[in-house]
Amino acid sequence: MDKSIQHDGEKYRYRMLDYKELILLISSNNDISTQIDDLYRILKPGYKYPTISFLKGGVILESRNQIYAIVLVEKNDEIVGICRVHEEKTSRKDNRVVNIGSVVISPTHRRKNLCSIMLKNTVELLNNMDRIQIIVNKNNPNALRCYTSVGFKQVGHIIYDGEEHHELVYSQ
């Protein structure tokens, strides 16, 4: 999926790539890998793995007929937003659950509503799923506001990486 988005007089490119497409893109343009790594270092300051290594698990998992994708929002060939999408294995084959995670907007592009735009477009593409969920650290009220503005509703709390998080589910 690749489309152009106009927002506040600016033009952005929205792309949802499966892992195989992303590996091909990175292989042909090392700058993409560096930009993705730089964004993930904002999310996880200790992040040390090059993008190709990071994605190898996704390629293996993809062969199990699940969705694994990465969403890029770009402006003038610079990645300004990113998130990952993966389908969760459930015991019921007719219950398709997808998680959106690792949502990052470049600090220079925050407060421009790009996160909401990225998530709205992502949710549109996932409309055939039974459940779309996301978690957010309880100490991140800006992200919580963004996710609820898109249509996510808080359904509970979980402990993730030793910290309390809000669990949200998309409600159409």
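Coordinates for the structure precede this section.
If you're wondering where the values come from, they're calculated on a predicted model, not measured in any experiment.

Undergrad: Even after reading the chapter, I still don't get the overall build of the protein, so can you show me in this structure?
TA: The number of helices and strands found in the protein is five helices and eight strands. Along the protein, helices and strands appear, N-terminal first, in the series β-β-α-α-α-β-β-β-α-β-α-β-β. For the protein, the proportion of its 172 residues judged to be buried stands at 45%. A total accessible area of about 9,600 Å² is found for the protein, and carbon and sulfur atoms account for 47% of it.

Undergrad: Looking at this structure, how should I read the environment of Ile132?
TA: Within the element layout of this structure, Ile132 appears in strand S6 (residues 131–137). The sequence separation of Ile132 and Glu88 amounts to 44 residues, and the corresponding C-alpha distance is 9.9 Å. Apart from residues lying up to four places away in sequence, Ile132 is in contact with Val98, Ile100, Val123, Leu126, Phe152, Leu168, Val169 and Tyr170.

Undergrad: Quick question: what am I supposed to make of the environment of Ser116 here?
TA: Topologically, Ser116 is positioned in helix H4 (residues 114–125). As a C-alpha pair, Ser116 and Thr148 span 32 residues in sequence and 9.4 Å in three-dimensional space. In contact with Ser116, other than residues within four places in its own chain, are Cys146, Ser149 and Val150. A distance of 3.1 Å separates the side chain of Ser116 from the side chain of Asn113, its partner in a polar contact.

Undergrad: Help me understand unusual backbone geometry in this model?
TA: Trans is the prevailing form of peptide bonds, just as negative phi is the prevailing case for residues other than glycine. One non-glycine residue with positive phi stands out, namely Asp77, at about 65°. With respect to the secondary-structure elements, Asp77 resides in the loop between strand S3 (68–75) and strand S4 (78–88). Its identity is not glycine, yet Arg111 carries a phi of approximately 65°, on the positive side.

Undergrad: Explain the packing of aromatic side chains here, please?
TA: To describe a pair of aromatic rings, you give the distance between the ring centres and the angle between the ring planes. Following the criterion strictly, the structure yields two aromatic pairs and no others. Between the aromatic rings of Tyr147 and Phe152, the centroid separation amounts to 6.5 Å while the plane-to-plane angle is 65°, which identifies the pairing as edge-to-face. Of the residues examined, Tyr147 reaches a relative accessible area of 6% and is grouped as buried. On the basis of relative accessibility, which here comes to 1%, the residue Phe152 falls in the buried class. Aromatic side chains Phe152 and Tyr170 sit 5.5 Å apart centroid to centroid with 65° between the ring planes, which places their arrangement in the edge-to-face category.

Calculation rules
Residues numbered from 1 in each chain as written. Predicted model: local features only at pLDDT ≥ 70, side-chain atom pairs only at ≥ 80, totals over all residues. Heavy atoms only, no water. Helix = DSSP H or I, 4+ residues; strand = E, 2+ residues; numbered from the N terminus. Buried < 20%, exposed > 50% of the residue type's maximum accessible area, 1.4 Å probe, protein only. Areas by Shrake-Rupley, 256 points an atom, 1.4 Å probe, with all protein chains shown as cover. Contact = heavy atoms within 4.5 Å. Polar contact = N/O pair within 3.5 Å; in protein donor to acceptor, adjacent residues only side chain to side chain. Phe/Tyr/Trp six-rings, centres within 6.5 Å; stacked < 30°, edge-to-face > 60°.

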